[in-house]
Every structure is written in C-alpha cells, then in structure tokens.
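Below, each chain spelled out in residue letters.
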Amino acid sequence: MFVETKNIGLRNIEVADTKISAIDGINGKLIYRGYDILDLVKKSSYEETACMLLNDDLPSKTVLSEFNDKLIDARTVPDGLEKILKDIPKTANPMDVLQSSVAVLAAYDNEKLDDRPTNYNRAVNLISKLPIIVACWDRIRNGKETILPSKDLGHAANFLYMLTGNIPDAEFARIFDICLILHAEHSFNASTFAAREVSSTRAHMYAAVSAAIGALSGELHGGANFQVMKMLLDIKTEDKVESWIKERLAEDKKIMGMGHAVYKTFDPRAEVLRELSRRLSEKTGEPWYKITKKVEDVTAEEMKKIKGSDIFPNVDLYSASTYYMLKIPTDLNTPIFAISRVAGWTAHIIEEKFAEAAPKPMLYRPKAVYVGKYCGPSGCEYLPLEKRQ
Ligand SMILES: CC(C)(COP(=O)(O)OP(=O)(O)OC[C@H]1O[C@@H](n2cnc3c(N)ncnc32)[C@H](O)[C@@H]1OP(=O)(O)O)[C@@H](O)C(=O)NCCC(=O)NCCS
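Residues numbered from 1 in each chain as written. Predicted model: local features only at pLDDT ≥ 70, side-chain atom pairs only at ≥ 80, totals over all residues.

Details of the overall build of the protein chain
Here is step 1 of the chain: Counting its secondary structure elements, the protein chain contains 16 helices and three strands.
Here is step 2 of the chain: In terms of overall dimensions, the protein chain is globule-like: its C-alpha atoms have a radius of gyration of 22 Å, near the 21 Å expected for 389 residues.
Here is step 3 of the chain: For the protein chain, the C-alpha atoms occupy an extent of roughly 70 × 60 × 45 Å along the three principal directions.
Here is step 4 of the chain: Counting every position in the protein chain, which comprises 389 residues, the buried fraction comes to 43%. (Helix = DSSP H or I, 4+ residues; strand = E, 2+ residues; numbered from the N terminus. Rg over C-alpha atoms; globule rule 2.2 N^0.38 Å. Buried ≥ 20, exposed ≤ 12 C-beta atoms within 10 Å, placed from the backbone.)

Section: the domain arrangement of the protein chain
Here is step 1 of the chain: With domains assigned, the protein chain is organised as domain 1 (30-223 + 329-354) and domain 2 (228-324).
Here is step 2 of the chain: Placing a centre on the C-alpha atoms of domain 1 and another on those of domain 2 gives a separation of 27 Å.
Here is step 3 of the chain: Taken together, the contact pairs 13 residues of domain 1 with 14 residues of domain 2.
Here is step 4 of the chain: Of all the secondary-structure elements, those providing two or more residues to the side of domain 1 that touches domain 2 are α1 (37-43), α8 (170-183) and α16 (333-354).
Here is step 5 of the chain: For the side of domain 1 that touches domain 2, the element with the highest residue contribution is α8, accounting for five residues.
Here is step 6 of the chain: Residue classes in the side of domain 1 that touches domain 2 are distributed as nine nonpolar, three polar and one charged. (Domains from an automatic or database assignment. Contact = placed C-beta atoms within 7 Å. Nonpolar A, V, L, I, M, F, W, Y, C, P; charged D, E, K, R; others polar.)

Observations regarding the site of the ligand
Here is step 1 of the chain: For the ligand, the set of nearby residues contains 15 residues, the closest of which are Ala224, Lys254, Met258, Gly259 and Ala261.
Here is step 2 of the chain: Partitioned by chemical class, the residues of the shell around the ligand number eight nonpolar, four polar and three charged. (Near = placed C-beta within 6 Å.)

A short note on helix α15 (residues 315-325)
Here is step 1 of the chain: Judged by how many residues are buried, α15 sits mostly within the fold: eleven of eleven residues are covered.
Here is step 2 of the chain: Listed in full, the buried residues belonging to α15 are Val315, Asp316, Leu317, Tyr318, Ser319, Ala320, Ser321, Thr322, Tyr323, Tyr324 and Met325.
Here is step 3 of the chain: Taken together, the buried residues of α15 touch α8, α11 (224-235), α13 (268-284), α14 (288-307) and α16.
Here is step 4 of the chain: Within two residues after α15, Lys327 carries a phi angle of roughly 70 degrees, on the positive side.

Side note on the sheet that holds strand β2 (residues 29-32)
Here is step 1 of the chain: Strand order across the open sheet formed by three strands is β1-β2-β3, with antiparallel pairing between neighbours. Each having just a single partner strand, β1 (21-24) and β3 (35-36) make up the two edges of the open sheet.
Here is step 2 of the chain: Judged from the four bridges that link them, β1 and β2 form a sheet pairing that is antiparallel. In the strand pairing of β2, Ile23 is matched with Leu30. (Pairing = 2+ DSSP bridges.)

So, the environment of Lys360
Here is step 1 of the chain: Relative to the assigned elements, Lys360 resides in the segment after α16.
Here is step 2 of the chain: C-alpha of Lys360 to C-alpha of Asp39: the two residues are 321 residues apart in sequence and 31 Å apart in space.

Considerations on the packing of helix α9 (residues 190-199) against α16
Here is step 1 of the chain: It is at 9 Å that the axes of α9 and α16 come closest, and there the two elements cross at 35 degrees. When you trace α9 past α16, the crossing you get is right-handed. Contact with α9, carried on its side by Ser191, Thr192, Ala195, Arg196 and Ser199, involves Arg341, Gly344, Trp345, His348, Ile349, Glu352 and Lys353 of α16 and no other residues of that element.
Here is step 2 of the chain: Across the contact of α9 with α16, the residue classes tally to three nonpolar, five polar and four charged. (Axes fitted to C-alpha atoms, helices over the stretch in contact; angles between N-to-C directions. Left-handed = near helix turned anticlockwise from the far one by under 90°.)

Some remarks on the pairing of β1
Here is step 1 of the chain: Going residue by residue along β1, you find Ser21 and Ile23 tucked away on one face and Ala22 and Asp24 left uncovered on the opposite face.
Here is step 2 of the chain: Taken together, β1 and the strand that follows it, β2, pair antiparallel across an intervening segment of four residues, in which Gly28 is found at a positive phi of about 70 degrees.

Focus: α14
Here is step 1 of the chain: Over its 20 residues, α14 runs 27 Å from end to end, which matches the ideal 28 Å to within 8%, given 1.5 Å per residue.
Here is step 2 of the chain: Listed in full, the buried residues belonging to α14 are Trp288, Tyr289, Ile291, Thr292, Lys293, Val295, Glu296 and Thr299.
Here is step 3 of the chain: Looking one or two residues beyond α14, the residue adopting positive phi is Gly308, at roughly 70 degrees. (Expected span 1.5 Å × (residues − 1).)

What to know about the pairing of β2
Here is step 1 of the chain: Every second residue of β2 is oriented toward a common face, the buried set being Leu30 and Tyr32 and the non-buried set Lys29 and Ile31.
Here is step 2 of the chain: Here β2 runs beside β3; their pairing, made up of two bridges, is antiparallel. Counterpart to Tyr32 in the pairing with β3 is Tyr35.
Here is step 3 of the chain: What sits between β2 and β3 in their antiparallel hairpin is a turn of two residues, with Arg33 showing a positive phi close to 45 degrees.

So, the packing of helix α5 (residues 94-107) against helix α6 (residues 116-141)
Here is step 1 of the chain: Between α5 and α6, the least distance of the axes is 10 Å, while the angle of their chain directions is 130 degrees. Of the possible angle classes, the one that applies to α5 and α6 is oblique. Remark: the crossing between α5 and α6 carries right-handed chirality. Residues Pro94, Val97, Leu98, Ser101 and Leu105 of α5 touch α6, and the partners they reach there are Lys129, Leu130, Ile133, Val134 and Trp137.
Here is step 2 of the chain: Of the residues belonging to the contact of α5 with α6, the class tally is eight nonpolar, one polar and one charged. (Parallel < 35°, antiparallel > 145°, perpendicular 65-115°, else oblique.)

As for the nonpolar core
Here is step 1 of the chain: In terms of nonpolar packing, the biggest core is built from 102 residues, with Val209 and Ala212 touching the most fellow members.
Here is step 2 of the chain: Here the element with the most residues in this core is α6; it accounts for eleven residues.
Here is step 3 of the chain: Both domains that furnish three or more residues to this core are identified here as domain 1 (30-223 + 329-354) and domain 2 (228-324).
Here is step 4 of the chain: Ignoring sequence-local partners within four residues, the contact set of Val209 consists of Val102, Leu126, Ala195, Val342, Trp345 and Thr346. (Core = buried A, V, L, I, M, F, W, Y, C linked by C-beta atoms within 7 Å.)

Structure, rendered in structure tokens:
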C-alpha cells in the first residue's frame with residue numbers, strides 16, 4: 001500500500017524560476033542578478049547590492065540615490081514598537097524579538113494596496129528598520145538609552161553606531177558592510193523558501209518576513225553562527241581543537257559551520273569571511289582566526305577518515321569570529337544574518353507575488369506520503385472513549 005517517501009528535504013527539487021540569484025555548488029560560485037559575489041564584495045556596498053536585488057540590475061545613480069533616501073527616512077521604529085520592546089523580558093531571544101517586531105510593524109502599515117510599488121516600499125522599509133530594531137533591543141535589554149541614527153553614516157556603520165554609541169572605525173565598518181553583502185541572498189534556502197511559501201498564499205510581506213526569521217533561527221540554518229562562536233569559546237585555545245572535534249565527531253554530533261546542502265566545495269562566502277577573520281585577528285591580536293582555521297582543518301581531516309568524503313566551511317564558520325572581533329554580542333549573530341538577508345527575502349517575495357513571465361508561481365502544496373495506521377479502504381473502526389485501552 002505505501003511507497004517510500006522520495007525527495008526528503010526537497011533536495012534538488014525545482015519548484016520555481018528565479019532571476020534573483022544562482023548558486024553553483026560544484027564550482028563554488030554565487031551570483032546575485034548576474035554578478036559574482038566575489039566582485040560585489042570588492043566593488044559594491046550593502047545598499048547598492050540590496051537595491052540591485054530588489055530591482056533587475058545594478059541601479060542607476062538616480063535609482064540608488066532614491067533608494068538611499070528612502071532607507072534614511074525609514075530609520076525609525078514606531079513609538080508603540082519601542083514601548084513593546086521595553087516591556088519584553090530582557091532575557092528574550094533576540095530572534096524571537098525580531099520576529100515579533102516584524103509582525104508588529106504590519107499593524108503600523110496603513111497602506112491597503114498590495115501592488116508592486118507598495119511592496120517595493122515595504123521592502124526598503126524593512127531593510128532600513130530591521131537593524132534599528134536589533135540595535136534598539138540590545139540597548140534596551142542592557143538598560144541603556146537607545147541611540148538615534150546618524151544621517152552621515154552608511155547602513156553598516158550606522159548599525160554599529162546605534163549598537164555601541166561609538167562611530168565605528170572605517171575598516172571595521174567596511175568589514176561589516178562586506179559581511180552584509182555576503183549574507184544578503186542565497187536562492188531557495190530554508191528561510192527564503194519559507195518567505196516564498198507564505199507569500200504564495202497572498203499573505204502580506206510582514207507575514208512572509210516574520211516566517212523567514214523563524215526559519216532562520218534554527219541551528220541548522222542561520223542559528224549555526226551562534227553555535228560556532230559557542231564552540232570557539234568552549235575550545236578557547238588552538239591546542240584544544242583537535243581533541244574537541246574528535247570527541248564531538250565520535251559522538252556523531254555535527255560541527256557547526258561545516259558542510260552545506262548545496263556547496264560540495266568551498267562556499268565562496270566562507271573564503272571571503274576567512275580573510276576578514278584573519279585581518280581582524282591581526283588587527284585586534286585575538287586568537288579566533290587561528291582557532292577557527294584549525295577547526296576547519298581538523299574537521300576536514302577527520303571527516304575524510306570517518307566518511308571518506310570532503311567537507312568544507314560554510315558561511316557561518318568564519319562569520320562567527322568576525323562578528324565577535326567586531327565586538328557584536330554573540331547572540332546577535334543570527335539577527336545580523338536576518339538584517340542582511342531581508343534584502344533577499346523581500347526580493348523573493350516581490351518575485352513570488354509579481355512574476356511576469358510564465359511559469360508564474362502558484363500556491364505551494366507539496367505532497368506527503370502517508371505511512372500511518374491503515375485498516376483498509378473504509379478506515380479503522382472508531383472506538384468510543386470508554387472502550388479504549
Ligand atoms: C548544512 C547541513 C545540514 C547539510 O547537510 P547535508 O545536506 O546532509 O550534507 P551532506 O549530504 O553533504 O552530508 C554528508 C554526510 O556528512 C555529515 N555531515 C554534514 N555536515 C556535517 C557537520 N557539520 N558535522 C559532522 N557531520 C556532517 C552528514 O550528517 C552526512 O552524514 P551521513 O552520510 O552519515 O548521513 C549540514 O552540513 C550541517 O548540519 N552542518 C552544520 C550546521 C551548519 O553549519 N549549518 C549552516 C548551513 S549554511
């Protein structure tokens with residue numbers, strides 16, 4: 001009667017067309033709107049990359065300047081949301097706070113239309129507000145006054161400023177800007193798929209983005225970078241790496257920050273982040289780059305011995321130490337992923353809602369294979385409660 005479920009985890013199942021990004025997992029390439037990520041991190045900024053993701057191509061001067069103006073104008077949180085943030089228990093997980101805040105933002109959007117221009121404006125609004133919410137929450141939970149954004153700082157520098165109250169060092173700000181570019185988009189990963197799936201029901205952008213934040217919070221997805229830093233802090237010194245990794249693998253546990261569902265070679269983002277982590281370690285004198293590199297090497301060696309296969313670092317391995325050396329609290333690692341990825345999510349939501357060419361997206365409705373109780377075509381006999389064991 002039952003057939004085995006195929007396609008568990010939807011690996012390699014094509015569910016929609018997208019013009020937003022492409023991943024070549026065999027050759028380790030990531031392309032946003034046709035542009036290689038390795039080129040973008042050298043030449044672009046997060047603002048320009050986000051604007052490009054929401055449009056079809058690199059923006060003209062006018063389009064980018066309008067986008068920047070909208071970003072700056074939207075750098076506030078409604079008073080009502082700030083009040084809620086002040087009332088939430090200070091021990092709340094920042095991802096839960098961010099997810100609920102996005103749902104609250106829906107209540108402050110009085111626009112009835114759900115057309116493309118309205119969604120574009122909503123996207124810019126969310127890209128602008130998510131970092132502000134994260135920074136405000138961190139200050140509120142630490143009993144500090146929130147800080148007003150600075151019109152003179154770019155998106156990345158402004159976040160660091162609102163978090164710490166200090167104008168960031170230019171090199172630190174550029175490193176953080178590159179991190180934001182690297183995390184902005186990654187095709188049909190779990191959180192983006194969640195956003196598209198919710199959008200396919202014609203729910204609004206806030207519902208889709210808050211679903212995406214929920215999906216990102218899990219440790220097999222965006223939550224991995226938090227787990228990586230916990231691991232590094234637990235390991236503490238380079239000489240302890242080997243025994244720590246061997247023990248963990250012997251217990252059949254995963255090493256966070258290693259392996260990827262799509263890349264079967266080096267994740268290009270990890271390559272850039274490795275260099276950023278190295279630069280920061282050199283600048284700050286902190287040991288985290290060397291410890292992380294050893295985690296990478298030992299895991300690769302051990303996995304080769306155990307499974308006979310290669311394993312490579314993913315985006316989370318070196319982003320953890322990079323953020324740590326930028327003095328960002330460890331539990332903000334995943335919210336930071338979200339403040340960047342919101343550009344990709346919203347681009348996908350717009351594509352899902354307004355795709356012009358066939359095949360147009362439709363309501364997602366995969367099929368499950370039923371493997372539960374079966375008593376024949378008329379079903380099982382219903383026993384009244386008093387007759388059940
Ligand atoms: C991302 C992830 C879920 C992809 O898993 P996947 O699609 O099953 O990956 P693969 O098919 O290449 O895995 C091959 C084998 O290596 C194992 N493996 C993969 N990543 C591993 C890791 N980080 N540590 C230990 N073993 C790992 C798998 O369990 C699998 O073992 P099996 O053949 O005995 O079942 C997985 O690599 C993982 O859990 N990584 C750690 C979490 C993480 O960093 N997530 C962020 C991703 S960006």
